[in-house]
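Coordinate inspection notes
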Amino acid sequence: MTTPTSPEWWRSAVIYQIYPRSFADANGDGLGDLPGITSRLESLSELGVDAIWLSPFMTSPQKDAGYDVADYCDVDPIFGTLDDFDTMTAQAHANNIRVIVDLVPNHSSDAHSWFQAALAAGPGSAERAHYMFRDGNGENGELPPNNWQSVFGGPAWTRTTNPDGTAGQWYLHLFDSSQPDFDWTNDEVRAMFRDVLRFWLDRGVDGFRVDVAHGMIKADGLPDYTPPAEGGSMGGTTPLGLEPGIDDFEDIDGGAPYWGQEGVHDIYRDWHRLLEEYEGDRVLCAEAWVDPLSKMAKWVRPDEMQQAFNFPYLETPWQASALRAVIDESLEAFSAVGAPSTWVLSNHDVVRHASRLALTAENPQGHGIGPKSPGQPIREVGLQRARAASALMLALPGGAYIYQGEELGLPEVIDLPDDARQDPTWFRTNGERYGRDGCRVPIPWEANAPAYGFNTTGAAWLPQPDDWAPYARDAQVGVDGSTLELYSSALRKRREHGLGLGSIEWIDGLGDDVIAFTNGAVSVIANAGSTDVQLPDSLAGAELILSSGAFDGSTLGADTTVWLRTA
Ligand code: GLC
C-alpha cells in the first residue's frame, strides 16, 4: 500500500479540496484565510486525508473568487501572507499531509500587470501578444472577431477603448470579461509560467491542480463554433464546457476550437520535465472537461500529468448500470496509458452531491440550482444517496478527491437570497443561471458558535443556513453513524485493505439496481434502487467492514453501500 511518503503516492491518494474563503476564518472578517486553514489542519489529519488542494489564494480582485489572478507569486492580503502560506505548508507536512495549489494558466485577471501593459501598449505590440487581442469584424470593427460564447454566459470577447477614447481591439475571455485568455503560442507566456511553477515548488508544494487544462491552446484562425444543443444525462452543458453524454463528441464536429486542442499536451510535457527536477514525486492534476474518457486519458500519459479529474464519473446519475459502465470505461481508458483514475463527486463548481443525486428534474450542471429550479431534492434522500455514493467511490481503485463539507453531508444551499449571490454566472446571465454559490457557503465546525465556528465574529461572505447545526463537525465527531464518522472510517479501512490500489472484479446477478465488485479480500455492494435487496448466501453474514446505512447482515436497503470481508 502506498503511504503519503511512498513514491507514486498519488495513485491511491485521497485529496481534500479546501476552498479557502469558506473553510476557516482566523481574522473574523467573514472570509476564510490561510491562518484559518492552519488552525484546522488537525481535523483533516484525524479525517485521514493524504493531501489538501487549495483553490486559489493568490493576489486577485476576486471577480471569480480568486480564479482571476493578478499576481501568481503572492498571497492576496484577504487570505494572509506568504509567511502564512509557509507556516501552513510546514504544519501540513508535519501532519503527513501534502499540499497542492491551484494554478490558473488559461487566463489572468485584467488587473495583472501584463494585461494592463497590453492595454497601454496598443495593437501590434509585444505586450498585446501575451493575450488574445484581435481586430473586430464589420466595417468599423464593431463586431466581435468570432461567435464564441463565454462559459459564464454572453460573448467571449470584450472590446477595448483606446487611450484617446475611441473604440479599440477586442480581447478573448472564455470566462468573465475580467479574465483575459493568455496566448499560449507565445514563448514569454510559457517562460513566465515556468517561473511560477518553480516559485511554488521551491516553497515546498507537492503539486498543482491545473485550472482549465483543456483550454490553453485555441485552434488556428479562431473559427466560429456553435456548441451542440443542450442535452444529455445531467441535462445540459456542464460547468465548464463538457457536453455530456456525447461519446461521439469528436465525431460531431471535431469539438470546440477552444477545448482539448492537441497543442496543450506540449505544455504538460514541458511541465512534467520541470517537476521531475524536484525531489519528492510532485504532481499535476488536470481540470480537463473533455469527453470521451479515452480523450481525457491523454492528459495523463506517462510524460504528462499524473491525475485528471474523472468528470464523466461525477456526472453519472445514481443508477447501477450507468455507474458500472462509466467505471468500466474509466478503468479501461486510464489503464491504457498506465494512469490511475481520479474519482470525484463534488467540487466548488458543481451542485453538492448530497443534493444533486436527489434532483428529480434536469438542471443543467454548472447553472446551479436555486429556489425556482425544477425537481427540488428531498434532503434525506440526497444525504442517504450521497453517503452510499461516497462509500462506493472511496472503495474504487485510484485517487479520490473530496470537497470540503461533503464529509459532513452538507447539502447545496438552494435558497441563498438573490442579493447575496456572487458568482459571475449569476450576473452575466441576469439571474437566469444561479451559478455556483450554493456549494461555496462557509462550512460549519461548531454547532453552537457564531458562524458555526467558521470564525468567532459570526460574519460570513455567504449567509449560512439557520438549520446547519446538526451538520457541524463537533456534532458529528465520535457519533456512531454520522457522515463524518462514515468518511473517516472509509478512509481508514480503504488504506487498511489496500482498496485504492488493486483491481476490481464485478459481482453479477444481484439485480438491476445493484452494482457490486470485489477487490482483494473485500466485496463492495451498492444498492442504487428504491427497494431492499436480499444478499445471496455467498455474501450474507460476511464480516461487515463499512456500511453507509442500516444493514442487518443480509438485507441491503435502498441507497446503501456496504463493504464486506469475503476472503
Ligand atoms: C475552473 C474553476 C472555476 C473557475 C474557472 C475559470 O473551472 O474550477 O471555478 O471559475 O476555471 O477560472
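Position labels on residues start from 1 in each chain and follow its written sequence. Residues qualify for local features only when their pLDDT is at least 70, as the model is predicted, and side-chain atom pairs are given and counted only at 80 or more; totals for whole chains, interfaces and linings, by contrast, use all residues. To get the side-chain values, take all heavy atoms of the structure and skip hydrogens and water.

1. So, the nonpolar core
With 140 residues, the main nonpolar core has F208, W271 and W563 as its most contacted residues. Secondary structure follows DSSP: runs of H or I at least 4 residues long count as helices, runs of E at least 2 residues long count as strands, and numbering of each begins at the N terminus. Of the residues forming this core, the biggest block, 7 residues, is contributed by helix α4 (residues 187–202). We define the nonpolar core as a collection of buried residues of types Ala, Val, Leu, Ile, Met, Phe, Trp, Tyr and Cys that are connected through side-chain atoms lying within 4.5 Å of one another. Residue burial is assigned from relative accessible area. The probe radius is 1.4 Å, only protein chains are included, and a residue is buried under 20% of its type maximum, exposed over 50%, and partly exposed in between.

2. Here's the deal with the domain arrangement of the chain
Where each domain starts and ends comes from a domain assignment, either automatic or drawn from a database. When the domains of the chain are assigned, the result is domain 1 (9–108 + 187–476), domain 2 (113–172) and domain 3 (503–565). The C-alpha centroid of domain 2 is placed 30 Å from the C-alpha centroid of domain 1. Between two residues, a contact is recorded if the distance between any of their heavy atoms is within 4.5 Å. With 23 residues of domain 1 at the contact, the number on the domain 2 side is 17 residues. A buried area of about 1600 Å², summed over both sides, lies between domain 1 and domain 2, and 59% of it is on carbon and sulfur atoms. For salt bridges, the criterion is a side-chain nitrogen of Lys or Arg within 4 Å of an Asp or Glu carboxyl oxygen. Between the two partners, domain 1 and domain 2, sit 0 salt bridges. Breaking the side of domain 1 that touches domain 2 down by element, the ones donating at least two residues are α4 and α12 (424–428). The residue classification treats Ala, Val, Leu, Ile, Met, Phe, Trp, Tyr, Cys and Pro as nonpolar and Asp, Glu, Lys and Arg as charged. All others, Gly included, are polar. Classifying every residue of the side of domain 1 that touches domain 2 gives 12 nonpolar, 4 polar and 7 charged. By buried area we mean how much accessible surface two parts lose on assembly, using a 1.4 Å probe and totalling the loss over both.

3. Brief notes about α4
Expected span of a helix: the number of residues minus one, times 1.5 Å. With 16 residues, α4 should cover 22 Å at 1.5 Å per step; its first-to-last C-alpha distance of 22 Å lies within 8% of that length. Looking at α4, one finds that the buried residues are V189, R190, M192, F193, V196, L197, W200 and L201. Distance and chemistry together define a polar contact, namely a pair of N or O atoms within 3.5 Å, with one atom able to donate a hydrogen and the other to accept it when in protein, and with adjacent residues in sequence counting only for side-chain atoms on both sides. The N-cap of α4, judged by a side-chain oxygen 2.8 Å from the amide nitrogen of E188 a few residues on, is N186. Of the residues flanking the end of α4, it is G204, one or two places downstream, whose phi is positive at about 100°.

4. Side note on the pattern of salt bridges
A full pass over the atoms with the stated rule returns 27 salt bridges. Salt-bridge contacts for R194 lead to D270; the nearest nitrogen and oxygen are separated by 2.7 Å. With R194 in helix α4 and D270 in helix α6 (residues 264–276), this residue pair connects regions lying 76 residues apart in the sequence. The class of D270 is buried, set by a relative accessible area of 18%. Salt-bridge contacts for K298 lead to E262; the nearest nitrogen and oxygen are separated by 2.8 Å. Pair noted here: K298 is in the loop between α7 (293–296) and β11 (307–308) and E262 is in the loop between α5 (249–253) and α6, with a separation of 36 residues, a long-range link. Given the relative accessible area of 26%, K298 is considered partly exposed. Look at E262 and you get partly exposed, because its relative accessible area is 48%. Three or more residues joined by partner-sharing salt bridges are found here, namely D64, D349, D423, R436 and R440.

5. Some details on helix α11 (residues 379–393)
Because each turn of an α-helix spans 3.6 residues, side chains separated by three or four positions end up pointing in the same direction. Look at α11: 21 Å from first C-alpha to last across 15 residues, which is about the 21 Å you get at 1.5 Å a residue. All of the buried residues along α11 are G382, A386, R387, A388, A389, S390, A391, L392 and M393.

6. Remarks on the sheet that holds strand β7 (residues 157–161)
At least two bridges found by DSSP between two strands is the condition for calling them paired. Spatial ordering of the open sheet is given by β6-β8-β7, a layout of 3 strands whose pairing is antiparallel. The open sheet is flanked by β6 (133–134) and β7, the only strands paired with a single partner. Sheet analysis places β6 next to strand β8 (residues 167–172), joined by 2 bridges and oriented antiparallel. If you follow R134 over to β8, its bridge partner there is W170.

7. Side note on the packing of α11 against helix α14 (residues 483–496)
Helix-helix packing is characterised by the crossing angle of the two axes and by the distance between the axes. Helix axes are fitted only over the stretch in contact, all axes being lines through C-alpha atoms; the angle between N-to-C directions runs from 0 to 180 degrees. Contact geometry for α11 and α14: axes closest at 10 Å, N-to-C directions at 10°. When the interaxial angle is binned, α11 and α14 end up roughly parallel. Contact with α11, carried on its side by L383, R387, S390 and M393, involves T483, L486, Y487 and R494 of α14 and no other residues of that element. Grouping the constituent residues of the contact of α11 with α14 by class yields 4 nonpolar, 2 polar and 2 charged. With respect to orientation, any angle under 35 degrees is reported as roughly parallel, any angle over 145 as roughly antiparallel, any angle of 65 to 115 as roughly perpendicular, and every other angle as oblique.

8. Quick notes on the environment of T566
Tracing the backbone through its elements, the reader meets T566 in the segment after β20 (560–565). Linking T566 and A540, residues 26 residues apart in sequence, is a C-alpha distance of 9.8 Å. When residues no more than four places from it in sequence are discounted, the contact partners of T566 are A521, V522, S523, L539 and A542. A distance of 2.7 Å separates polar atoms of two side chains, one belonging to T566 and the other to S523.

9. Focus: unusual backbone geometry
Following D291, the chain continues into P292 via a peptide bond in cis, with omega recorded as -5°. In this structure, P292 sits in the loop between β10 (283–286) and α7. One non-glycine residue, A65, lies in positive phi territory at about 50°. Structurally, A65 can be placed in the loop between β3 (58–59) and β4 (71–75). A relative accessible area of 13% places A65 in the buried class. Backbone geometry at D559 places phi at a positive 50°, although glycine is not the residue there.

10. Remarks on the sheet that holds strand β9 (residues 207–210)
Judged by pairing direction, the sheet is parallel, and its 8 strands sit side by side in the order β11-β10-β9-β5-β2-β1-β13-β12 without closing on themselves. The strands lining the two open edges of the sheet, one partner per strand, are β11 and β12 (342–344).

11. Observations concerning the pairing of β9
Here β9 shows two buried faces, one formed by G207 and R209 and the other by F208 and V210. In this structure, strand β5 (residues 98–103) lies alongside β9, joined through 4 bridges in parallel fashion. Note that in β9 the partner of L103 across the bridge is V210. Note that β9 and β10 share 4 bridges and pair parallel. Paired with V210 across the strands is A286, a residue of β10.

12. Side note on the environment of L392
Counting through the fold element by element, L392 comes out in helix α11. Looking at L392, the relative accessible area reads 0%, which means it is buried. Through-space distance from the C-alpha of L392 to that of V189 is 42 Å; in sequence the pair is 203 residues apart. Non-local contacts of L392, meaning those with residues more than four positions away in its chain, are made with Y313, W318, L323, I515, F517, V524, A526 and T561.

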